[in-house]
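Working through the structure, step by step
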Amino acid sequence: MGKIEKPYILVTNDDGIHAGGLKALIDIARSMGNILVVAPDEPQSGMSHAITTKVPLRLRKIHVEEGLLIYSCNGTPVDCVKIALNEIGEKKPDLIISGINHGSNAATSVVYSATMGAAIEGCLNNIPSAGFSLLDFSADADFSSTRKYVTTIIKNILDHGLPKGTCLNVNIPLNKVREIKGIKICRQNKGYWKEEFDKRTDPSKKDYFWLTGSFHNVEPEANDTDEWALQNNYVSVVPVNVDFTAYESIQYLRNWKLNEEI
């Protein structure tokens, strides 16, 4: 009987090559496949689907052993996926996983998330992909509660695949593993971020700003959203579609008088 080939898994993140969440995800994934890691050499949070065009991309080999190859890259998470697929990888990955992010990417945060930007890039290349986040922004976050759920989701993706054009946004509540009730398949909450700016003055008397703000949940009673799931101690899994077309609006726009003389 021939040797069963392990799945080939590409791992990246947006918190950088030294982040605890990346180390946790690598450790989890190693039990399920051969791993290629390409991650940013510094934090890239909030970069969404950005790519680098003004400076050359550079790779640095960090670690090599049987079944594990690790590179850092000076680009964004999407750059990391692109260069892995086109320049490093021995073959097309069976799976791309991004994270584990330090902090939530639920609700509309998915729009800004570079963790999810990497997963979406995988999806655009027809590779099953998922982004994982833990609701703890601290650099020394404890990721032990994530292992069971990340493992379960990865195994299911490898076993069943994902619909074409769809990746997963997975968020894990900040609880001890025994307090988490399970996994909920959800929709994205429709809340919004209310931005605020902390204005300060530097020693040369010039103003500068730090972006702050808070999330406003406009549907707190809805029990089918990721925010509800997380607040009620469930892991939230939201399928994300890379087709941004608002199909329900097509007929509305067709009623506009767009081809008449003005």
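Refer to the structure presented above.
Below or above, wherever it landed, is the structure these notes cover.

**A word on the overall build of the chain**
Along its length, the chain carries seven helices and eleven strands. In terms of C-alpha radius of gyration, the chain reaches 20 Å, essentially the compact-globule figure of 18 Å for 262 residues. With respect to the three principal axes, the spread of C-alpha positions in the chain is 70 × 55 × 50 Å. Looking at the chain as a whole, 44% of its 262 residues are labelled buried.

**Notes on the pairing of strand β2 (residues 34-40)**
With six of seven residues buried, β2 is to be regarded as a mostly interior element. Relative to β2, strand β1 (residues 8-12) runs parallel, the two being bridged by four bridges. In the strand pairing of β2, Ile9 is matched with Ile35. Crossover handedness for the path β1 to helix α1 (residues 20-30) to β2: right-handed. Bridge count for β2 against strand β4 (residues 68-73) is six bridges, and the pairing is parallel. If you follow Val37 over to β4, its bridge partner there is Ile70.

**Focus on the packing of α1 against helix α5 (residues 147-160)**
Where α1 meets α5, the closest approach of the two axes is 10 Å, and the angle between their N-to-C directions is 55°. Between α1 and α5, the angle falls in the class oblique. Read as a crossing pair, α1 and α5 show a hand that is right-handed. Contact residues: α1 offers Leu25, Asp27 and Ile28, while α5 offers Arg147, Val150, Thr151 and Ile154. For the contact of α1 with α5, a count of residues per class yields four nonpolar, one polar and two charged.

**Quick word on the nonpolar core**
The tendency in soluble globular proteins is for nonpolar side chains to be buried side by side. The biggest cluster of nonpolar side chains holds 34 residues, and the ones touching the most others in it are Val11, Val37, Ile97, Ile100 and Phe132. Setting aside anything within four residues of it in sequence, one finds Val11 in contact with Leu22, Leu25, Ile26, Ile35, Leu36, Val37, Val38 and Ile97. Among the nonpolar cores identified, the runner-up in size contains 14 residues, and Leu10, Val81, Ile83 and Ala118 belong to it.

**Details of the environment of Ala29**
Structurally, Ala29 can be placed in helix α1. Ala29 sits in the buried class, given a relative accessible area of 0%. Residues Ala29 and Lys184 lie 155 residues apart in sequence; the distance between their C-alpha atoms is 22 Å. Those residues in contact with Ala29 that lie beyond four places of it in its chain are Ile9, Ile35 and Ile97.

**Digging into the environment of Gln188**
Assignment of secondary structure puts Gln188 in the loop between β8 (182-185) and β9 (192-201). Residue Gln188 is classed as partly exposed on the basis of its relative accessible area of 32%. For the pair Gln188 and Trp228, spaced 40 residues apart in the sequence, the C-alpha separation amounts to 10.0 Å. If we skip the residues at most four places from it in the chain, Gln188 touches Ala107, Thr108, Val110, Glu219, Asp226 and Val238.

**With respect to the packing of aromatic side chains**
With the rule as written, the count across this model stands at three aromatic pairs. Judged by centre distance (6.4 Å) and plane angle (90°), the rings of Phe197 and Phe209 are edge-to-face. You can see Phe197 sitting in strand β9 and its partner Phe209 sitting in strand β10 (residues 207-216), a full twelve residues away along the chain. In this structure Phe209 comes out as partly exposed when scored by relative accessible area, which is 48%. The residue whose ring lies beneath Lys184 is Tyr234, and the NZ or CZ to ring-centre distance is 4.9 Å.

Definitions and limits used
Residues numbered from 1 in each chain as written. Predicted model: local features only at pLDDT ≥ 70, side-chain atom pairs only at ≥ 80, totals over all residues. Heavy atoms only, no water. Helix = DSSP H or I, 4+ residues; strand = E, 2+ residues; numbered from the N terminus. Rg over C-alpha atoms; globule rule 2.2 N^0.38 Å. Buried < 20%, exposed > 50% of the residue type's maximum accessible area, 1.4 Å probe, protein only. Pairing = 2+ DSSP bridges. Right-handed = clockwise from strand over helix to strand, strands pointing away. Axes fitted to C-alpha atoms, helices over the stretch in contact; angles between N-to-C directions. Parallel < 35°, antiparallel > 145°, perpendicular 65-115°, else oblique. Left-handed = near helix turned anticlockwise from the far one by under 90°. Contact = heavy atoms within 4.5 Å. Nonpolar A, V, L, I, M, F, W, Y, C, P; charged D, E, K, R; others polar. Core = buried A, V, L, I, M, F, W, Y, C linked by side-chain atoms within 4.5 Å. Phe/Tyr/Trp six-rings, centres within 6.5 Å; stacked < 30°, edge-to-face > 60°. Lys NZ or Arg CZ within 6 Å of the ring centre and 35° of its normal.

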